[in-house]
Amino acid sequence: MRGTRSSLYPEQQLRRRAMGWAVKLKLRPQRVLVERLPGKWGSCAPDGVVTFAEDLANEGKDFQDYVIVHELLHLRYRDHGKQFKAMMTAVVPNWRELEQASRHSTERQAGTD
Ligand SMILES: [Zn+2]
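In what follows, the accompanying structure is described. (Residues numbered from 1 in each chain as written. Predicted model: local features only at pLDDT ≥ 70, side-chain atom pairs only at ≥ 80, totals over all residues.)

1. Section: the overall build of the chain
Argument step 1. Regarding its fold elements, the chain presents 4 helices and 3 strands.
Argument step 2. Taken from N to C terminus, the helices and strands of the chain fall in the order α-β-β-β-α-α-α.
Argument step 3. Classification of the 113 residues of the chain by burial places 27% in the buried group.
Argument step 4. A separation threshold of at least 6 residues defines the contact pool for the chain, and within that pool the share at least 24 residues apart is 52%. (Helix = DSSP H or I, 4+ residues; strand = E, 2+ residues; numbered from the N terminus. Buried ≥ 20, exposed ≤ 12 C-beta atoms within 10 Å, placed from the backbone. Contact = placed C-beta atoms within 7 Å.)

Below, the structure is given as C-alpha cells:
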C-alpha cells in the first residue's frame, strides 16, 4: 500500500466514476472495487465483481473512462468480439488510441512491464 492519502481519496472518486458509468450504460456490477492490482488496470470477474487498480486513480480522466467502460462492458460481453468493440467505439470513440497509450495490459493477462 502507498503511504499518506489526501483528503480527496482519489480511489473513492474513481469508484464513484465507475458507478456513474454503470448507471449510464445500464450495467449492474455486483460490486465495484478499487484495489492494488499489479500489472493490470482492471478486471471483471464472472460473478460480476469489477475491480480497478488504485493506480488508475492517478491517470487522466479519459484513460480512466476507457478502462472503466472496458471492464463494465465485460458484464455484457465476455470477450473482445465485434459487439464489444462496437460498443467501445460508441461510448469511447478514441479507445484504440488510449489502449495503445496504456503501459499495462487492460486486464487479466499478466502485465509484461
Ligand atoms: Zn477486456
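2. A word on the sheet that holds strand 2 (residues 42-44)
Argument step 1. The strand order across the open sheet built from 3 strands is 1-3-2, with neighbouring strands paired in mixed fashion. The strands lining the two open edges of the sheet, one partner per strand, are strand 1 (31-35) and strand 2. On average, each strand axis in the sheet is inclined to that of its neighbour by 15 degrees, with strand direction left out of account.
Argument step 2. As judged from the 5 bridges shared by strand 1 and strand 3 (residues 49-53), these two strands associate in the parallel manner. Pairing of Leu-33 across the sheet is with Thr-51, part of strand 3.
Argument step 3. Packing of helix 1 (residues 10-24) onto the sheet brings it into contact with strand 1 and strand 3, and relative to strand 1 it is tilted by some 150 degrees.
Argument step 4. Contacts from helix 2 (residues 61-73) reach strand 2 and strand 3, with the element oriented near 15 degrees to strand 2. (Pairing = 2+ DSSP bridges. Axes fitted to C-alpha atoms, helices over the stretch in contact; angles between N-to-C directions.)

In short, the description is geometric, and any link to function would need to be established separately.
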